[in-house]
Amino acid sequence: MTHRVVNIFLSVGMFVLCAVFLYQTNKLSYPSNVFPYILIIGIAILSLMVFLQNIFSKAEVIEKLEKINYKRVISIVAISFLYISSISAIGFYAVTSIYLMVMCVSLQSHETSIRMAMKIRNSFILTIIVVIIVYIVFNILLKVPTPRGFLI
Amino acid sequence: MEQNIFELIISGFINSLSPYHIFLMAFGVTAGIIVGTLPGLTATMAVALLVPVTFIMEPASGLVMLGAIWCGAIYGGANAAILLNIPGTPSSIATTMDGYPMTKNGEADKALLTSLISSVIGGIIGVIILLTLFAPLAQVSLKFGKPEYFWLCIFGLTTISAMSTGNVVKGLLGGLFGLLLGTIGLDPIAGVPRFTFGYRPLVQGIQLVPALIGFFAFSQMLTLMERDEKYIARYKQTSSLLKSLLSEMLQKGKSVLLRSSILGTFIGMLPGAGGPVASIIAYNEAKRWDKNPEKYGKGAIEGLMASESSNNAVIGGALIPMMGLGIPGCPAAAVIMGGLLAHGIIPGSKLLVESGDVAYTFITSLIIANLIMLPVGYFMLKLVANILNVPLYFVAPVILVLSSIGAYALHNSMLDVFVMVIFGTIAYILSKAGIDPGPMALGMVLGPIAEDALGVSLVIAQAKGSILQTLFLRPVSLILIILSILSAFSPLILDYLKKKKIFESEVKRNDSSCC
């Protein structure tokens, strides 16, 4: 994907955002609508500038983006959503332990020099240490509440 | 009266230097640094968490500890900002701009030590201003009405143009996007719910801290994890850094430190502005006054000095209206004011008469606390910097867990945790399109303050029958408008002048080679 395509996607995305917010702003009355109108107009003008700049751009903005490991990013976001979604139901410490184990092991996948058993052992030790420290620091010392579920 | 104040200052110093108070300060600074380093746990939270502990103490001792926690937490926010590009507290947003690039350049030690020394200097300058000028300066802050606040926010927003040299349009787009996100929830003037899309919990608006954790922590972790790198950056301990750094700071940054500390103190005096606004404006001013502004954002030590000295100077500034008038300048000052009230001490004009000894012990203890922060912080930064030696596949998931707690702890709300992840994902996607989280965060910080100020100003203007008179022609507003215009266009003018200079030197060179 090139920078030009990304910029066009960005400006189109911003136009859609403006349309959605404009529809909502039209339902508001003065003075609640003043600030949003100013912002929407500003975003629309700047998005148009980005759009036109890229439609009529010269070769220098057509350079390709650096390669991104989309698969890994999407899986991290998905696992993170799953993690926070299950916290309230199951319990912070139980889900956090599973999350840390899964993330640590999966993020070491490109470390070919480390054996799988070693990866699991290291991740397990880290998980135990982190969960204990988090419990002591947040629950006992700082009295910061953590979400509760049917487990701990 | 002058003699009395002098005596109170001396007795305040003597009280602050008692072994018990020094122990409380050392404990407070350490606890503050730890809480400040953890993303999502703010300085206000650190102070609020330990207010109940002070109830069993003498009023002066309780305040001494709270002040030390506040100083430590504001400084501690820089550690995560420098090492992980995650502001530990909102006051460290501007610290990420040059602190993290310094880490990437292999200068983590230098960045951490610079932030420590700058914080101490800024903190002390702020307290000295508080000590000497708190009565007259409290009156100046009263001249700031809503129209002036609006222009102060606009002045802060012009930082975006300086922040995004290279692509000002995308920087502004990011800033406006942040401002738009800040409008979600109840309208500050009429109390009308906006942009909730039928989802009732959104009426409370998007909370700043979870959004900032998302912008900086979650998106930063995604960026780091998308690559196959083992470490965030290589860390090498630099020996005998302190001496060379001190001479470099004195050589390059005397004026930066002084200007940023004075700016921080002044902005701290303004209710609602606080550390984030102070550090952003001080950073912008440092860049604007520098002969080589292009080095900012790439690891300029001056940028780091500006941000860190100003956010710690805010403490002295925020206490000026709180102690002099009973108006807290920021949430942490409000919590400390609550502590004062709980001890039966009423801030305001009678504070010096009725509880002068407690007030001056508290103020002078802030100087001592800042001095104690130097050895405590120096010892702790060696430990903190070792985070860089832990492989990324261990650091990243732990940061995500800590970020989740930070987002949740604010209101015990899982919605905030979802906000953190969603905003982090949006910031990550936008960063691929060249929109950095900095301008978005700036928009979110300043948006609600700016809108509130604009809304009230419009209502006043309607009552007075003149928008021009209310919004534009007040003396302080006029000064801020001129400063905003200068700040917005100075990067473009400087860029033009620089290109012109390069062009002229090339023409000269060509002429001489022809001859």
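Going by the structure above, here's the rest.
It should be emphasised that the depicted structure is a prediction, and the values quoted were computed from it without experimental measurement. (Residues numbered from 1 in each chain as written. Chains lettered and ligands numbered in written order. Predicted model: local features only at pLDDT ≥ 70, side-chain atom pairs only at ≥ 80, totals over all residues. Heavy atoms only, no water.)

Q: How should I be thinking about the overall build of chain B in this particular structure?
A: The number of helices and strands found in chain B is 20 helices and 2 strands. Expressed as a percentage of the 515 residues in chain B, the buried residues total 62%. Contacts in chain B between residues far apart in sequence, at least 24 positions, make up 79% of those at least 6 positions apart. Total accessible area on chain B stands at roughly 19,300 Å², and carbon and sulfur atoms take up 67% of it. (Helix = DSSP H or I, 4+ residues; strand = E, 2+ residues; numbered from the N terminus. Buried < 20%, exposed > 50% of the residue type's maximum accessible area, 1.4 Å probe, protein only. Contact = heavy atoms within 4.5 Å. Areas by Shrake-Rupley, 256 points an atom, 1.4 Å probe, with all protein chains shown as cover.)

Q: When you look at the pattern of salt bridges in this model, what are you seeing that I'm missing?
A: Residues and elements named next belong to chain B. Enumeration according to the criterion identifies 9 salt bridges over all chains in this entry. The salt bridge involving Lys110 is made with Glu248; its shortest N-O contact spans 3.1 Å. Remark: Glu248 occurs in helix 11 (residues 241-269) and Lys110 occurs in helix 6 (residues 108-141); sequence separation between them is 138 residues. The same class applies to Lys110 and to Glu248, which are both buried. Among the salt bridges present, the one from Glu285 reaches Arg288, with a minimum N-O distance of 2.6 Å. Separated by 3 residues within a single helix, Glu285 and Arg288 lie in helix 12 (residues 274-289), roughly one turn from each other. For Arg288, a relative accessible area of 19% corresponds to the buried category. (Salt bridge = Lys/Arg side-chain N within 4 Å of Asp/Glu carboxyl O.)

Q: I'm lost on the side chain of Thr265 of chain B in this one. Help?
A: Residues and elements named next belong to chain B. Position of Thr265 relative to the elements: it lies in helix 11. A residue is classified by how much of its surface remains accessible, and Thr265, at 1% relative accessible area, is buried. Sequence-distant contacts of Thr265, that is, excluding residues within four places in its chain, are made with Gly126, Ile129, Ala313, Val314, Gly316, Gly317 and Ile320.

Q: Explain helix 3 (residues 70-90) of chain A here, please?
A: Because the α-helix completes a turn every 3.6 residues, residues three or four places apart line up on one side. Relative to the 30 Å expected for 21 residues at 1.5 Å per residue, helix 3 of chain A spans 29 Å between its end C-alpha atoms, a close match to the ideal helical length. For helix 3 of chain A, every residue scored as buried is listed here: Arg72, Val73, Ile76, Val77, Ser80, Tyr83, Ile84, Ser86 and Ile87 of chain A. Along its buried surface, helix 3 of chain A packs onto helix 4 (92-107) of chain A together with helix 10 (208-225), helix 16 (392-409) and helix 17 (414-432) of chain B. Backbone geometry just downstream of helix 3 of chain A places Gly91 of chain A in the positive-phi region, at approximately 130°. (Expected span 1.5 Å × (residues − 1).)

Q: Looking at this structure, I do not really get the packing of aromatic side chains. What am I missing?
A: A ring pair, where both rings are aromatic, is described by two values, the distance of the centres and the angle of the planes. Tallied over the full model, the rule gives 12 aromatic pairs over all chains. Between the aromatic rings of Phe150 of chain B and Trp151 of chain B, the centroid separation amounts to 5.1 Å while the plane-to-plane angle is 70°, which identifies the pairing as edge-to-face. Judged by relative accessible area, Phe150 of chain B falls into the buried class, the value being 8%. With a centroid separation of 5.5 Å and 55° between ring planes, the pair formed by Trp151 of chain B and Phe472 of chain B is classed as tilted. In this pair, Trp151 of chain B sits in helix 7 (residues 146-157) while Phe472 of chain B sits in helix 19 (residues 467-472), placing the two residues 321 residues apart along the sequence. Every member of this aromatic cluster is reached through a ring pair, and the members are Phe21 of chain A together with Phe195 and Phe197 of chain B. Lying across the ring of Tyr149 of chain B, Lys146 of chain B places its NZ or CZ 6.0 Å from the centre. (Phe/Tyr/Trp six-rings, centres within 6.5 Å; stacked < 30°, edge-to-face > 60°. Lys NZ or Arg CZ within 6 Å of the ring centre and 35° of its normal.)

Q: Which parts of the structure should I look at to understand the side chain of Ser61 of chain B?
A: Secondary-structure assignment places Ser61 of chain B in helix 4 (residues 59-84). Beyond its immediate sequence surroundings of up to four residues, Ser61 of chain B is in contact with Tyr20, His21 and Leu24 of chain B.

Q: Sorry, what's going on with the nonpolar core here?
A: The nonpolar side chains of a soluble globular protein tend to be buried, and buried together. Counting 203 residues, the largest nonpolar core has Trp70, Phe215 and Leu319 of chain B as the members making the most contacts within it. Looking at which domains feed residues into this core, each of domain 1 (3-62) and domain 2 (70-141) of chain A supplies at least three. (Core = buried A, V, L, I, M, F, W, Y, C linked by side-chain atoms within 4.5 Å. Domains from an automatic or database assignment.)

Q: Is there a simple way to explain the interface of chain A and chain B in this structure?
A: One frequently used descriptor of interface size is the decrease in accessible area upon assembly of the parts. Between chain A and chain B, the residue contacts involve 61 residues of the former and 58 residues of the latter. For the pair chain A and chain B, the summed buried surface comes to about 5,400 Å²; carbon and sulfur atoms form 82% of the total. Broken down residue by residue, the surface that chain A buries against chain B is led by Phe21, Phe35 and Ile84 of chain A, which jointly contribute 12%. At the surface where chain A touches chain B, the tally comes to 0 salt bridges. (Buried area = accessible area lost by both parts, 1.4 Å probe.)

Q: Honestly, unusual backbone geometry in this entry has me stumped. Any pointers?
A: Glycine aside, a negative phi is what most residues show, and trans is what most peptide bonds show. Omega for the bond connecting Tyr30 of chain A with Pro31 of chain A falls within 30 degrees of zero, at 5°, which places this linkage in the cis form. The residue Pro31 of chain A is located in the loop between helix 1 (3-25) and helix 2 (34-55) in this model. The backbone phi angle of Asn85 of chain B is positive, close to 65°, even though this residue is not glycine. One can find Asn85 of chain B in the loop between helix 4 and helix 5 (93-104). Take Asn85 of chain B: its relative accessible area is 16%, and that puts it in the buried class. A positive phi angle, near 50°, is found at Phe197 of chain B, a position not held by glycine. Structurally, Phe197 of chain B is set in the loop between strand 2 (193-194) and helix 10. Classification of Phe197 of chain B by relative accessible area gives partly exposed; the value is 42%.

Q: Explanation requested: helix 11 of chain B in the structure shown.
A: The terminal C-alpha atoms of helix 11 of chain B lie 35 Å apart, and with 29 residues this falls more than 12% below the ideal 42 Å at 1.5 Å per residue. Its axis deflected by about 75° at Gly253 of chain B, helix 11 of chain B carries its strongest bend there. (Bend = angle between axes of the 7 residues up to and from the residue.)

Q: How do you make sense of the environment of Gly77 of chain B when you look at a structure like this?
A: Residue and element names in this part refer to chain B. By the element assignment, Gly77 lies in helix 4. Between the alpha carbons of Gly77 and Pro87 there is a distance of 5.9 Å; along the sequence they are 10 residues apart. Beyond its immediate sequence surroundings of up to four residues, Gly77 is in contact with Gly36, Thr37, Ile86, Pro87, Gly88, Thr89 and Ser92.

Q: Would you explain the environment of Gly123 of chain B in this entry?
A: Residue and element names in this part refer to chain B. Within the element layout of this structure, Gly123 appears in helix 6. Taking the C-alpha atoms as reference points, Gly123 and Ser310, 187 residues apart in sequence, are found 8.1 Å from one another. Excluding residues that lie within four positions of it along the chain, Gly123 makes contacts with Asn312, Ala313 and Asn370.

Q: So what exactly am I meant to see when it comes to the packing of helix 9 (residues 168-182) of chain B against helix 18 (residues 437-464) of chain B here?
A: Helix packing for two helices is described by the angle between their axes and how far apart those axes are. All names here are of chain B. Where helix 9 meets helix 18, the closest approach of the two axes is 7 Å, and the angle between their N-to-C directions is 40°. With respect to helix 18, the element helix 9 is oriented oblique. Handedness of the helix 9/helix 18 crossing: right-handed. Note on element contacts: helix 18 touches helix 9 through Pro439, Met440, Gly443, Met444, Leu446, Gly447 and Pro448, opposite Gly171, Gly174, Gly175, Phe177, Gly178, Leu179, Leu181 and Gly182. (Axes fitted to C-alpha atoms, helices over the stretch in contact; angles between N-to-C directions. Parallel < 35°, antiparallel > 145°, perpendicular 65-115°, else oblique. Left-handed = near helix turned anticlockwise from the far one by under 90°.)

Q: Sorry if this is basic, but what is going on with a nonpolar patch on the surface here?
A: All names here are of chain A. Residues Phe124, Ile125, Ile128, Ile129, Ile132, Ile133, Tyr135, Ile136, Ile140 and Leu141 make up a contiguous nonpolar surface patch of roughly 940 Å² in combined accessible area. Of note, Ile128 is situated in helix 5 (residues 116-141). Classification of Ile128 as partly exposed rests on a relative accessible area of 39%. (Patch = residues over 30% accessible without salt bridge, like charges linked within 9 Å, V, L, I, M, F, W, Y side chains within 5 Å.)

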